[in-house]
Amino acid sequence: MLPIDSNIDHYNFLNTHIWNHPYISREVLIGNLPLGGMQPIRIQSMTNTDTMDTVRTVEQCMRLADAGCEYIRITAPNAKDAENLWNIKNELHKKKYTTPLIADIHFHPKAAEIAAGIIEKVRINPGNYCDRNTGKFNFTEEEYISALSRIEERILPLIEICKRHHTVMRIGTNHGSLSERIISRYGNTAEGMVASALEFVEICRKSDFHDIVLSMKASNVKVMITATRLLVTEMQRLGWDYPIHLGVTEAGSDDEGRIKSAAGIGTLLQDGIGDTIRVSLTEAPEKEIPVAKQIADYHGKRKDIVKQDRVKESIEIKGNAYTHRETFEVQNIAKNHVPVVLSCQKSEQADYYFIGKNQISDNLNNIYPVFDTWEQFLGCTEKHSSLNFVCISSPEISIREIIPHVVFLLDFTNSKSIAEERNLIFSWIKNKISNPVICIKRYPFHNFEKLQLQASSGFAALLVDGLIEGIGIDAPFEANTLTELSFNILQATGVRISKTEYIACPSCGRTQYDIESSLKAIKTQTSHLKGLKIGVMGCIVNGPGEMADADYGYVGESNGKITLYKGKQPVRRNIPEQEAIQALIDLIKENGDWQEETANA
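Residues numbered from 1 in each chain as written. Predicted model: local features only at pLDDT ≥ 70, side-chain atom pairs only at ≥ 80, totals over all residues. Heavy atoms only, no water.

### A word on the overall build of the protein
So, step 1. The number of helices and strands found in the protein is 17 helices and 25 strands.
So, step 2. Considering the protein as a whole, with its 601 residues, one finds that 60% of them fall into the buried category.
So, step 3. Restricting to contacts in the protein with at least 6 residues of sequence separation, those with at least 24 account for 69%. (Helix = DSSP H or I, 4+ residues; strand = E, 2+ residues; numbered from the N terminus. Buried < 20%, exposed > 50% of the residue type's maximum accessible area, 1.4 Å probe, protein only. Contact = heavy atoms within 4.5 Å.)

### Side note on the packing of aromatic side chains
So, step 1. Counted by the stated rule, this structure contains nine aromatic pairs.
So, step 2. Judged by centre distance (4.9 Å) and plane angle (45°), the ring pair of Phe408 and Trp428 falls under tilted. Here the residue Phe408 occupies a position in strand 18 (residues 406–410), and Trp428 occupies one in helix 12 (residues 419–430), the gap between them amounting to 20 residues.
So, step 3. Judged by its relative accessible area of 0%, Phe408 is buried.
So, step 4. Here the aromatic residues Phe371, Trp374, Phe377, Phe408 and Trp428 are joined through ring pairs into a cluster of three or more.
So, step 5. Lying across the ring of Tyr144, Arg181 places its NZ or CZ 4.9 Å from the centre.
So, step 6. Cation over ring: Lys566 sits above Tyr552, and NZ or CZ is 5.1 Å from the ring centre. (Phe/Tyr/Trp six-rings, centres within 6.5 Å; stacked < 30°, edge-to-face > 60°. Lys NZ or Arg CZ within 6 Å of the ring centre and 35° of its normal.)

### Considerations on the environment of Leu532
So, step 1. With respect to the helices and strands, Leu532 occurs in the loop between helix 15 (515–526) and strand 22 (533–537).
So, step 2. Measuring from C-alpha to C-alpha, the distance between Leu532 and Trp594 comes to 9.4 Å, with 62 residues separating the pair along the chain.
So, step 3. Discounting chain neighbours no more than four positions away, the residues touching Leu532 are Lys499, Thr500, Glu501, Asp551, Tyr552, Ile588 and Asp593.

### Details of the environment of Ser385
So, step 1. Within the secondary structure, Ser385 sits in the loop between helix 11 (374–378) and strand 17 (388–392).
So, step 2. Residue Ser385 is classed as partly exposed on the basis of its relative accessible area, which comes to 26%.
So, step 3. On a C-alpha basis, the gap between Ser385 and Tyr368 in space is 7.2 Å, while along the polypeptide they are 17 residues apart.
So, step 4. With residues up to four places along the chain from it excluded, the contact list for Ser385 reads Tyr368, Pro369 and His405.

### Focus: the sheet that holds strand 24 (residues 561–566)
So, step 1. Reading across from one edge, 21-22-23-24-25 is the order of the five strands in this open sheet, with mixed pairing throughout. Of all strands in the sheet, those bounded by a partner on one side alone are strand 21 (501–504) and strand 25 (569–576). Each adjacent strand pair in this sheet contributes to an overall mean axis angle of 20°, direction not counted.
So, step 2. Contacting strand 22, strand 23 (552–558), strand 24 and strand 25, helix 17 (residues 577–590) crosses the sheet at an angle of about 150° to strand 25. (Pairing = 2+ DSSP bridges. Axes fitted to C-alpha atoms, helices over the stretch in contact; angles between N-to-C directions.)

### Focus: the pattern of salt bridges
Here the idea is simple: oppositely charged side chains can pair when their charged atoms come close.
So, step 1. With the rule as written, the count across this model stands at 29 salt bridges.
So, step 2. Ionic pairing is found between Asp241 and Arg26, a salt bridge with its closest N-O pair at 2.8 Å. Here the residue Asp241 occupies a position in the loop between helix 7 (221–238) and strand 10 (244–246), and Arg26 occupies one in the loop between strand 1 (16–17) and strand 2 (27–30), the gap between them amounting to 215 residues.
So, step 3. Linking Arg229 and Asp271 is a salt bridge whose minimum nitrogen-to-oxygen distance equals 2.8 Å. (Salt bridge = Lys/Arg side-chain N within 4 Å of Asp/Glu carboxyl O.)

### Here we look at the confidence of the model for the protein
So, step 1. Summarising the model, the protein shows a mean pLDDT of 86, and 87% of its residues fall at 70 or more.
So, step 2. No element of the protein has a lower mean pLDDT than helix 10 (residues 302–307), which averages 59, and none a higher one than strand 2, which averages 98. (pLDDT = per-residue confidence, 0-100.)

### A closer look at helix 7
For an α-helix the count is 3.6 residues per turn, leaving residues at separations of three or four pointing the same way.
So, step 1. Helix length check: helix 7, at 18 residues, gives a terminal C-alpha distance of 26 Å against a target of 26 Å (1.5 Å per residue), a fit within 8%.
So, step 2. Counting buried positions along helix 7 yields 15 of 18 residues, so the element is predominantly enclosed.
So, step 3. The N-cap residue of helix 7 is Asn220: its side-chain oxygen and the backbone nitrogen of Lys222 are 2.9 Å apart.
So, step 4. Where helix 7 terminates, the next one or two residues include Gly239, which has phi positive at roughly 80°. (Expected span 1.5 Å × (residues − 1). Polar contact = N/O pair within 3.5 Å; in protein donor to acceptor, adjacent residues only side chain to side chain.)

### Topic: the nonpolar core
So, step 1. Formed by 89 residues in total, the largest nonpolar core has its most connected members in Val122, Ile124, Leu158 and Met169.
So, step 2. The greatest single-element share of this core, amounting to 10 residues, is contributed by helix 6 (residues 190–206).
So, step 3. If near-sequence neighbours (up to four positions away) are discounted, Val122 is found in contact with Ile102, Ala103, Ile105, Ala112, Ala116, Leu158, Cys162, Thr167, Val168, Met169 and Arg170.
So, step 4. Core analysis: the next-biggest nonpolar cluster, separate from the first, contains 43 residues, Trp374, Phe377, Phe412 and Leu462 among them. (Core = buried A, V, L, I, M, F, W, Y, C linked by side-chain atoms within 4.5 Å.)

### Section: the packing of helix 13 (residues 448–463) against helix 14 (residues 479–492)
So, step 1. Two elements in contact, helix 13 and helix 14, have axes separated by 10 Å at closest approach and are oriented at 45°. The orientation of helix 13 with respect to helix 14, classified from their angle, is oblique. Every pair of crossing elements has a handedness; the one defined by helix 13 and helix 14 is right-handed. For the pair helix 13 and helix 14, the contacting residues are Phe448, Leu451, Gln452, Ala455, Ser456, Phe459 and Leu463 in the first and Thr481, Leu482, Leu485, Ile489 and Leu490 in the second.
So, step 2. For the contact of helix 13 with helix 14, the class distribution of residues is nine nonpolar, three polar and no charged. (Parallel < 35°, antiparallel > 145°, perpendicular 65-115°, else oblique. Left-handed = near helix turned anticlockwise from the far one by under 90°. Nonpolar A, V, L, I, M, F, W, Y, C, P; charged D, E, K, R; others polar.)

### Notes on empty space enclosed by the protein
So, step 1. Throughout the structure, instances matching the rule amount to four cavities of 30 Å³ or more.
So, step 2. Estimated volume of the second largest cavity: approximately 140 Å³.
So, step 3. What lines the second largest cavity is a set of 10 residues, among which Glu256, Lys260, Gln491, Ala492 and Glu501 lie closest to the centre.
So, step 4. Secondary structure elements with two or more residues in the lining of the second largest cavity: helix 8 (254–270), helix 14 and strand 21.
So, step 5. Top element by residues in the lining of the second largest cavity is helix 14. It accounts for three residues.
So, step 6. A breakdown of the residues in the lining of the second largest cavity according to their chemical character gives three nonpolar, three polar and four charged. (1 Å grid on protein atoms, 1.4 Å probe; cavity = no way out; pocket = protein on both sides within 12 Å on 5 of 7 lines; lining within 4 Å. Points joined across faces, edges and corners; volume = space filled by probe spheres on them.)

Here you go:
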């Protein structure tokens, strides 16, 4: 994090915590549907039609509402689009659809002011609502304060309109679109995301306006989780209680998009954080709703979260970096190694796999013993091998002796709450027990999407906090299917990269090319490029920022035209859509990052 001028910074960014109680927000009324407090977790999505196309936008809103979407967001890139929200809302009401609408605003305060007088909620991005990036990254104290004063003057008309029309405001920070002013003080960090939002909240509070929802969006699951936890930590310190919107932006499509969304959203819901969620898939918007509903239903309604057994004592999680609990190394497990995959069936694609009730093999056909209990291991009279697995199946287990060549298999019955797992691992941390841990979760059902979502959120909550050194999934599916899911979960949480990673936005009315089919085509031709990261973005609003750590970027620039990026730099502009994928492949080859696909890739 960059140095912060103490005369400017008044936020006390402590390390984030896993809480021993849920975060209960205030309730705000969005149209006829309340959000926050003890209300259920609300589901929302966003249209991807041209906002000026009233017919298509209304039809898509109806499909979303029919699928169970409770709030519908529509982009308003300019004043004309904002004005047309009136026609869209009226047409929906004529057809007896009263789902609250949200205007999505970037760059144009006037569009926000128009929309706030028409629909039920307006989303603004502090990174581009008033701040204008000019290439300046050094701000004196006077310049910083002056810029903040101009923002306050510019946002006050919107606040007054929202108060007059009872319109809710979402202050939604995106990791990819922080202003230069914020970056100059905080860097492109989770702290910067939170500070950007809280500046706007303070302006709202000065005007006694509290119908506010906050969100911290990022395509990186760790950043999204850290920023949201940091936001809640800071709000609790300040005595604030605004509702939280959750979502992993640019999650992508297919399995990857679902796993990444469940990992980020599910982890925070298990912390007791989150009042409304959106799953951002590069697919038809209505396909997001069943996924979001499954995530929300699995983690319980608000009243269930309050009743859950919570973490007995909180643990600090570093706010600005990924940290791992202290462990020692056992062969290729723990210490500086990536998390391993354990298969509960024979699978040579996994790092380790069960070959019987009391034996585990690795890919070199070495066989290691598995002990059912800690007592069984301690009572064994045979010579211990260099690697032993001990099943820990009860949260009451008491381990006081450290034996360096033992890996714990944390094998609790799968449940909605991971509090027991956390509590046990926290007790080991407190008592300096540093044995590696592989967590096994068992799922008895045959619905694969349900398995994806539950396993992703269940494991992610332990992986992103550096509490475990491996995962294993037991479910009634083929071994290779479960192994692939395990690797996908590790990739989604950023702890082990084993294939090409795609950062892809869900598209909206700002997207001016067929991003869904383009993403599929790009995946088909580049999915064998192990470890490469490719951004496929609809427009320049969040595109270049969210994919800033990507190796290559494919970004919609204008109608049917694509700009290619190498890292953060645009290198080829305005390529016709039909030529752009081959141009991307050529760019990758020119930079020496292309790998020929092998038969078993």
